[in-house]
Amino acid sequence: MAIITVQSLFSGAGATAIVANVSNAMLRQGTKVRSIDVCSHNDLRLWYGMPLQQTGGWAQGFMDNAQDSLDFAFQSDFGATFLPLGEVNEGYQALLNRIESDPVAWLEWLKHEPEGMLIINLPSHCERLYKALIQHVDLHLCVWQAEPRVYPRLQQFIKRQQLNDGVPEAFLFIENGVAPQLELNRDISNIIHHELADDVTTDISIMRDQHIAEALATQQSCYEYSIAASANADFTELASWIMKRCSNA
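Remember, it's a predicted structure, so these values are computed and weren't measured experimentally.

Enquirer: Before we go on, may I ask you to explain the layout of surface pockets in this structure?
Expert: Where empty space is left becomes clear once a probe the size of a water molecule has been rolled over the atoms. When its volume is computed, the largest pocket comes out at roughly 620 Å³. Taken together, 28 residues make up the lining of the largest pocket; nearest its centre are Gly12, Ala13, Gly14, Ala15 and Thr16. Where the lining of the largest pocket is concerned, the elements lending two or more residues are helix H1 (15–28), helix H2 (44–47), strand S5 (117–122), strand S7 (171–178) and helix H9 (210–217). Ranked by residue count, the leading element in the lining of the largest pocket is H9, at 4 residues. Each residue belonging to the lining of the largest pocket can be placed in one class, and the counts come to 12 nonpolar, 13 polar and 3 charged.

Enquirer: Help me out: how do you make sense of helix H5 (residues 103–111) in this one?
Expert: The periodicity of an α-helix, 3.6 residues per turn, causes residues three or four positions apart to be oriented the same way. Those residues of H5 not exposed but buried are Pro103, Trp106, Leu107, Trp109, Leu110 and Lys111. Following H5 by one or two positions, histidine 112 has its phi on the positive side, about 70°.

Enquirer: Please clarify how the packing of helix H7 (residues 150–160) against helix H8 (residues 183–195) should be interpreted in this entry.
Expert: Two measures define how a pair of helices packs: the angle their axes make with one another and the distance between the axes. One way to put it is that H7 packs onto H8 with a least axis distance of 10 Å and a crossing angle of 20°. One finds that H7 runs roughly parallel with respect to H8. For the pair H7 and H8, the crossing hand works out as right-handed. For the pair H7 and H8, contact is made by Val150, Tyr151, Leu154 and Gln155 and by Ile188, Ile191, Ile192 and Glu195, respectively.

Enquirer: Help me understand helix H11 (residues 231–245), please; the structure alone is not making it clear to me.
Expert: Compared with the 21 Å implied by 1.5 Å per residue over 15 residues, the 21 Å span of H11 between its first and last C-alpha is a close match. Looking only at H11, the buried set comprises Ala231, Asn232, Asp234, Phe235, Leu238, Ala239, Ile242 and Met243. Down the axis of H11, the buried side of the element spans an arc of 160°, and every buried residue falls inside it.

Enquirer: Could you clarify how one ought to interpret empty space enclosed by the protein in this entry?
Expert: Taken as a whole and assessed by the stated rule, the structure comprises 1 cavity of 30 Å³ or more. Estimated volume of the largest cavity: approximately 30 Å³. As for the largest cavity, its lining consists of Asn42, Arg45, Met50, Thr55, Gly56, Pro84, Gly86 and Glu87. Of the residues that constitute the lining of the largest cavity, the class distribution is 2 nonpolar, 4 polar and 2 charged.

Enquirer: Quick question: what am I supposed to make of the environment of serine 247 here?
Expert: Of note, serine 247 is situated in the segment after H11. We classify serine 247 as partly exposed; its relative accessible area is 48%. As for serine 247 and valine 167, which are separated by 80 residues in sequence, their C-alpha atoms are 22 Å apart. For serine 247, the side chain forms a polar contact with the main-chain oxygen of lysine 244, separated by 3.0 Å.

Enquirer: Help me understand the sheet that holds strand S3 (residues 74–75), please; the structure alone is not making it clear to me.
Expert: Sheets are built from strands that pair by backbone hydrogen bonding, the pairs being arranged parallel or antiparallel. Across the sheet, which stays open at both edges, the 8 strands sit in the order S3-S4-S2-S5-S1-S6-S7-S8 with mixed pairing between neighbours. In the strand order of this sheet, the two ends are held by S3 and strand S8 (206–207), each with one partner. Relative to strand S4 (residues 81–83), strand S2 (residues 33–37) runs parallel, the two sharing 3 bridges. The residue bridging isoleucine 36 from the neighbouring strand is leucine 83, located in S4. The sheet contacts of H8 involve strand S6 (139–145) and S7, and relative to S7 the element is tilted by about 170°.

Enquirer: Explain the pattern of salt bridges here, please?
Expert: A side chain of one charge can pair with a side chain of the opposite charge if their charged atoms are brought near each other. A complete count under the given rule lists 4 salt bridges for this structure. For glutamate 108, the salt bridge identified is with lysine 111, shortest N-O distance 3.6 Å. Of this pair, glutamate 108 and lysine 111 are both found in helix H5, 3 residues apart, which corresponds to roughly one turn of the helix. Exposure remark for lysine 111: the relative accessible area of 18% places this residue in the buried category. Glutamate 127 is the salt-bridge partner of arginine 160, the closest N and O atoms lying 2.5 Å from each other. Of this pair, arginine 160 sits in helix H7 while glutamate 127 sits in helix H6 (residues 127–133), placing them 33 residues apart in sequence.

Enquirer: Honestly, the packing of aromatic side chains in this entry has me stumped. Any pointers?
Expert: Within a pair of aromatic rings, the relevant descriptors are the distance that separates the centres and the angle that separates the planes. Enumeration according to the criterion identifies 11 aromatic pairs in this entry. Judged by centre distance (6.4 Å) and plane angle (40°), the rings of phenylalanine 72 and tryptophan 109 are tilted. Highlighted residues: phenylalanine 72 in the loop between helix H3 (58–63) and S3 and tryptophan 109 in helix H5, separated in sequence by 37 residues. In this structure tryptophan 109 comes out as buried when scored by relative accessible area, which is 12%. Here the aromatic residues Trp58, Phe62, Phe72, Trp106 and Trp109 are joined through ring pairs into a cluster of three or more. When the ring centre of tyrosine 223 is taken as origin, the NZ or CZ atom of arginine 28, which lies over that ring, is 3.7 Å away. Above the ring of phenylalanine 62, the side-chain terminus of arginine 98 is found at 4.5 Å from the ring centroid.

What counts, and at which threshold
- Residues numbered from 1 in each chain as written.
- Predicted model: local features only at pLDDT ≥ 70, side-chain atom pairs only at ≥ 80, totals over all residues.
- Heavy atoms only, no water.
- 1 Å grid on protein atoms, 1.4 Å probe; cavity = no way out; pocket = protein on both sides within 12 Å on 5 of 7 lines; lining within 4 Å.
- Points joined across faces, edges and corners; volume = space filled by probe spheres on them.
- Helix = DSSP H or I, 4+ residues; strand = E, 2+ residues; numbered from the N terminus.
- Nonpolar A, V, L, I, M, F, W, Y, C, P; charged D, E, K, R; others polar.
- Buried < 20%, exposed > 50% of the residue type's maximum accessible area, 1.4 Å probe, protein only.
- Axes fitted to C-alpha atoms, helices over the stretch in contact; angles between N-to-C directions.
- Parallel < 35°, antiparallel > 145°, perpendicular 65-115°, else oblique.
- Left-handed = near helix turned anticlockwise from the far one by under 90°.
- Contact = heavy atoms within 4.5 Å.
- Expected span 1.5 Å × (residues − 1).
- Arc of directions from axis to C-beta.
- Polar contact = N/O pair within 3.5 Å; in protein donor to acceptor, adjacent residues only side chain to side chain.
- Pairing = 2+ DSSP bridges.
- Salt bridge = Lys/Arg side-chain N within 4 Å of Asp/Glu carboxyl O.
- Phe/Tyr/Trp six-rings, centres within 6.5 Å; stacked < 30°, edge-to-face > 60°.
- Lys NZ or Arg CZ within 6 Å of the ring centre and 35° of its normal.

Below, the structure written as structure tokens:
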């Protein structure tokens, strides 16, 4: 089973939306896919239509040494298998400590079967998880948007992770919310692309589409909300690219 982690460079850059909608696109193409939420806000569940009153998730099961991660899975109306984090509150740091101490054991617990894709939504604020997992995943997508925060956050991240000394093979940046018709968005995007080498960025980006926010408001994937949404083509292209890149995992 291929392992893909997705993490925003800063909060709100769009990692959660990409995880949900790329998972949906893979499922439509016949690929077995399971998405996992590691963010303490539990926002990924909104994309799968999980009732808000359901507060359980995989985190407590993992901490309790449960045998089967799928015991904590939620099945969406469109057939996607999703593992919500669940409410952990003060136990969140203990959970991160355990994952960090033995990331391989955690990934094996999640994988469950040899085929398909495992897509993990990582919290934007938690670089320690990135460090713990990067050597064990087939692809890590770092999501950014062209807005005023991106340049300083990018420089900080590069410095802390020492990316100028070498970028992990699995690591790639991906741009979300592309809007070339907006001058500020276009100018910032051009600056960031000038800073980044071509071999650390994906050739695919996600265009800005109001349907994405509208879909989230109705707790559906973008495709479920509107088949005609332009973002569906971007998510489908990204899903196909990921599956091709990780097909030998």
